[in-house]
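Here are the chains, one letter per residue:
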Number of protein chains: 2
Amino acid sequence: MTSTPRRGRPPKGERQLSREAIVEATLKVIDADGVGAVSMRAVGRVLGADAKSLYNHVAGKDALLDAVAEELLGGITLPDLTGGTRADLLAIAAAFRERALAHPEAASLVLTRQLASLEGLAPVEAVLSVLRDAGCPPDQSVHLLRAFVATLIGTLLREVSAGPTYGTTDTAGIAQRQSILENSGLPAVAAAAHHLARFDGATEYEFAISLALDALAARLADQR
Amino acid sequence: MTSTPRRGRPPKGERQLSREAIVEATLKVIDADGVGAVSMRAVGRVLGADAKSLYNHVAGKDALLDAVAEELLGGITLPDLTGGTRADLLAIAAAFRERALAHPEAASLVLTRQLASLEGLAPVEAVLSVLRDAGCPPDQSVHLLRAFVATLIGTLLREVSAGPTYGTTDTAGIAQRQSILENSGLPAVAAAAHHLARFDGATEYEFAISLALDALAARLADQR
DNA sequence: ACCTGAACACCGTTCAAGT
DNA sequence: ACCTGAACACCGTTCAAGT
């Protein structure tokens, strides 16, 4: 009288698997428990399906993580461009950051993986077209794009990995870090301990991006 | 007549395990096959010991990877400071890069992990002391340090993950990428396809760092 | 003090067997 | 066309049993 285990494709309207649903389920796992918690079995569990069934829709775990990264990158809603170079680049960067902070656990995937697809090219197009409209030649634009993206990625990686508690909330932790730094024996570190022990993502983001855009503007001015 | 399996601690001068040897062996695994190939069993194999023995010297796999990151960070040989702000920051960044490129497969560990130890504080001290000597107040120094490091990390992450073949060697790959970009339907991307399809780590590094240092110098000048 | 056997609860992935 | 059972070669980690 035990329930006889089924085999083969389920008979009726049991939910069909799809690549899209699988990617979505994976993102759910990541949001809940981090990238490290992703396994074919865990994703299958979310969908009520066997892990092996996923292989009918994705090539494997690595390809699945790539797909999640592409989904995130492709889901960025780019701003309408106004023609103001600085304002437009600021807005593009903000769109990037917004997406990263919406899925902080997944952000490292986008920031870290080498993506080959065309999906993620829209932000690149946006930045390059702003630079082109600013009168920047293509070779210079590509250099500036890469430097700008590097700063953006480095800044966001730090922000998402620092977590929200690093800053204002955890006063005990701040005090402890500060005293460690003060007693580090390193004079410049000790002198800056108060500031090193604190971190506010939004402030650091604005500082770094603003700095990068200043540098970029200076190069564009040189150009002319 | 089969060899009887030993149990308990081996009787004599069989190599002792040590935290240091374990970290070194892990780095060997990473250099050979990447971070993904690290497992307690694989590291044990390198040392001729059982994976479980490692737990007598490190808390677990995650702590082991942290230790590798700290070893890399701590092993950076910092330049003697000359008093020239730009030259000194350039030299510090170069030391960072040199270490990253010496272990490209391991670099993401250092660039990505949140390190809590004091080992990695020497580069921070170096940068902060250069900024202090340039007359920059501590709060501003910390912002500039973080922005500078973000650019450095973003740039190096790209360089190590791009691999050496992206640039000059793989002419077929370059041509293919270029034609994909030209046919992407994105006008600015298509216009810059020739440059987007190519990547030279050293050139991009110099461009990005130089840009960051220009921006930093401008801020220091404002200050006064 | 330190190493290992046995053991547990996991992995990713292949492939044939099913519907 | 798509799902699963059986199977394989892996994982990290605990703990008691040994020397």
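Every chain is numbered independently, its residues counted from 1 as its sequence is written. Numbering of ligands from 1 and lettering of chains from A proceed in the order in which they are written. The model is predicted, so local features are restricted to residues of pLDDT at least 70 and side-chain atom pairs to those at 80 or more, both for listing and for counting; the totals for chains, interfaces and linings are taken over all residues. Side-chain calculation: all heavy atoms of the structure are included, whereas hydrogens and water are not.

## Some words on the overall build of chain A
Here is step 1: Within chain A, the secondary structure is distributed over 11 helices and 0 strands.
Here is step 2: Based on the C-alpha atoms only, the size of chain A along its principal axes is roughly 75 × 50 × 25 Å.
Here is step 3: Per-residue burial over chain A gives 45% buried out of 224 residues.
Here is step 4: Within chain A, counting contacts between residues at least 6 apart in sequence, those at least 24 apart form 67% of the total.
Here is step 5: Accessible surface computed for chain A: about 11700 Å², of which carbon and sulfur atoms make up 52%.
Here is step 6: Under the convention used here, Asp and Glu are negative, Lys and Arg are positive, and both His and the chain ends fall outside the count. All charge positions are set by atom: Lys at NZ, Arg at CZ, Asp at CG, Glu at CD. Distance between charge centroids for chain A: 9 Å, based on 22 positive and 26 negative side chains. Working definition: helices are DSSP H or I runs of at least four residues, strands are E runs of at least two. Numbering for both runs from the N terminus. Burial classification: accessible surface area is computed with a 1.4 Å probe over protein chains only, and a residue below 20% of its type maximum counts as buried, one above 50% as exposed, and the rest as partly exposed. Whether two residues are in contact is decided by their heavy atoms: any pair within 4.5 Å suffices. Accessible surface area values rest on a Shrake-Rupley calculation with a 1.4 Å probe, where residue burial reflects the displayed protein chains alone.

## As for the pattern of salt bridges
Here is step 1: Think of a salt bridge as a Lys or Arg side-chain nitrogen and an Asp or Glu carboxyl oxygen that are within 4 Å of each other. Following the criterion strictly, the structure yields 18 salt bridges over all chains and no others.
Here is step 2: Note that Asp-133 of chain B and Arg-132 of chain B form a salt bridge whose closest N and O atoms lie 2.8 Å from each other.
Here is step 3: Its relative accessible area of 60% is what places Asp-133 of chain B among the exposed residues.
Here is step 4: By sharing partners, the salt bridges in this structure join Asp-62, Asp-66 and Arg-113 of chain A into a single network.

## Looking at the interface of chain A and chain B
Here is step 1: Chain A puts 50 residues into the contact, and the matching count from chain B is 50 residues.
Here is step 2: Across the chain A to chain B interface the summed buried area is about 4200 Å²; carbon plus sulfur atoms make up 67%.
Here is step 3: On the surface where chain A and chain B come into contact, there are 4 salt bridges.
Here is step 4: Between Arg-146 of chain A and Glu-204 of chain B there is a salt bridge, and its shortest N-O distance comes to 2.9 Å.
Here is step 5: For the purposes of these results, a polar contact is taken to be a pair of N or O atoms within 3.5 Å, where, inside protein, one atom must be able to donate a hydrogen and its partner to accept one; residues adjacent in sequence count only when each atom of the pair is a side-chain atom. The interface formed by chain A and chain B holds 15 residue pairs in polar contact (both at pLDDT 80 or more) in total.
Here is step 6: Mapped onto the side of chain A that touches chain B, the elements with two or more residues apiece are α6 (121-133), α7 (138-162), α8 (171-182), α9 (187-191), α10 (193-196) and α11 (201-223) of chain A.
Here is step 7: Broken down by element, the side of chain A that touches chain B gets its largest block of residues, 17 residues, from α7 of chain A.
Here is step 8: Residues are grouped as follows: nonpolar covers Ala, Val, Leu, Ile, Met, Phe, Trp, Tyr, Cys and Pro; charged covers Asp, Glu, Lys and Arg; every other residue, Gly included, is treated as polar. Looking at the side of chain A that touches chain B, its residues break down into 28 nonpolar, 13 polar and 9 charged. Accessible surface is computed with a 1.4 Å probe, and the buried area is the amount of it that two parts give up when combined, taken over both parts together.

## Things to note about helix α6 (residues 121-133) of chain B
Here is step 1: Multiplying 1.5 Å by the residue count of a helix minus one yields the expected span of that helix. In a regular helix each residue adds 1.5 Å, so 13 residues correspond to 18 Å; α6 of chain B covers 18 Å between its end C-alpha atoms and thus fits that length.
Here is step 2: Of all 13 residues making up α6 of chain B, 10 are buried, and the element is well covered by its neighbours.
Here is step 3: For α6 of chain B, the set of buried residues is Leu-121, Pro-123, Val-124, Glu-125, Ala-126, Val-127, Leu-128, Ser-129, Val-130 and Leu-131 of chain B.
Here is step 4: On its buried side, α6 of chain B packs onto α8, α9 and α10 of chain A together with α4 (85-102), α7 (138-162) and α11 (201-223) of chain B.

## Overview of the domain arrangement of chain A
Residues and elements named next belong to chain A.
Here is step 1: These domain limits were set by an automatic method or by a database of domain assignments. The assigned domain composition of chain A is domain 1 (12-58) and domain 2 (79-223).
Here is step 2: Once you take the C-alpha centre of each, domain 1 and domain 2 turn out to be 32 Å apart.
Here is step 3: Domain 1 puts 5 residues into the contact, and the matching count from domain 2 is 5 residues.
Here is step 4: Carbon and sulfur atoms make up 70% of the surface buried where domain 1 meets domain 2, a total of about 440 Å² over both sides.

## Some points on the packing of helix α1 (residues 19-33) of chain A against helix α3 (residues 61-74) of chain A
All names here are of chain A.
Here is step 1: One can describe the packing of α1 onto α3 by two numbers: an axis separation of 10 Å at closest approach and a directional angle of 85°. When the interaxial angle is binned, α1 and α3 end up roughly perpendicular. Of the residues in α3, those in contact with Arg-19, Ile-22, Val-23, Thr-26, Leu-27 and Ile-30 of α1 are Leu-64, Leu-65, Ala-67, Val-68, Glu-71 and Leu-72. Between N-to-C directions, angles span 0 to 180 degrees; the directions come from axes that are lines fitted to C-alpha atoms, helices contributing only their stretch in contact. Note on terminology: angles under 35 degrees are roughly parallel, angles over 145 are roughly antiparallel, angles of 65 to 115 are roughly perpendicular, and the others are oblique.

## A closer look at empty space enclosed by the protein
Here is step 1: Points on a 1 Å grid, built from protein atoms alone, make a cavity when a 1.4 Å probe fits but cannot get out and make a pocket when they are open with protein on both sides within 12 Å along at least 5 of 7 lines; residues with an atom within 4 Å of a point are the lining residues. Grid points are joined across faces, edges and corners, and a volume is the space filled by probe spheres set on the points. Under the counting rule described, the total for this entry stands at 5 cavities of 30 Å³ or more.
Here is step 2: In this structure, the largest cavity is lined by 18 residues; those nearest its centre are Thr-151, Leu-211 and Ala-212 of chain A together with Thr-151 and Ala-212 of chain B.
Here is step 3: Breaking the lining of the largest cavity down by element, the ones donating at least two residues are α7 and α11 of chain A together with α7 and α11 of chain B.

## A few points about the environment of Ala-42 of chain B
All names here are of chain B.
Here is step 1: Secondary-structure assignment places Ala-42 in helix α2 (residues 40-47).
Here is step 2: Since its relative accessible area comes to 12%, Ala-42 is described here as buried.
Here is step 3: In this structure, the C-alpha to C-alpha distance between Ala-42 and Gly-154, residues 112 residues apart in sequence, is 30 Å.
Here is step 4: Ignoring any residue separated from it by four or fewer positions in sequence, one finds Ala-42 in contact with Val-29 and Ala-37.

## Details of the packing of aromatic side chains
Here is step 1: Centres within 6.5 Å make a pair out of two Phe, Tyr or Trp rings, where for Trp the six-membered ring is used; the pair is then stacked when the planes are under 30 degrees apart, edge-to-face when over 60, and tilted otherwise. Here the structure, examined in full by the defined rule, presents 0 aromatic pairs over all chains.
Here is step 2: Two thresholds decide whether a charge sits over a ring: the Lys NZ or Arg CZ must be within 6 Å of the ring centre and within 35 degrees of the ring normal. The ring of Tyr-205 of chain A has Arg-97 of chain A sitting right over it, with the charged end atom 4.7 Å from the ring centre.
Here is step 3: The ring of Phe-207 of chain A carries Arg-219 of chain B above its face, with NZ or CZ at 5.4 Å from the centroid.

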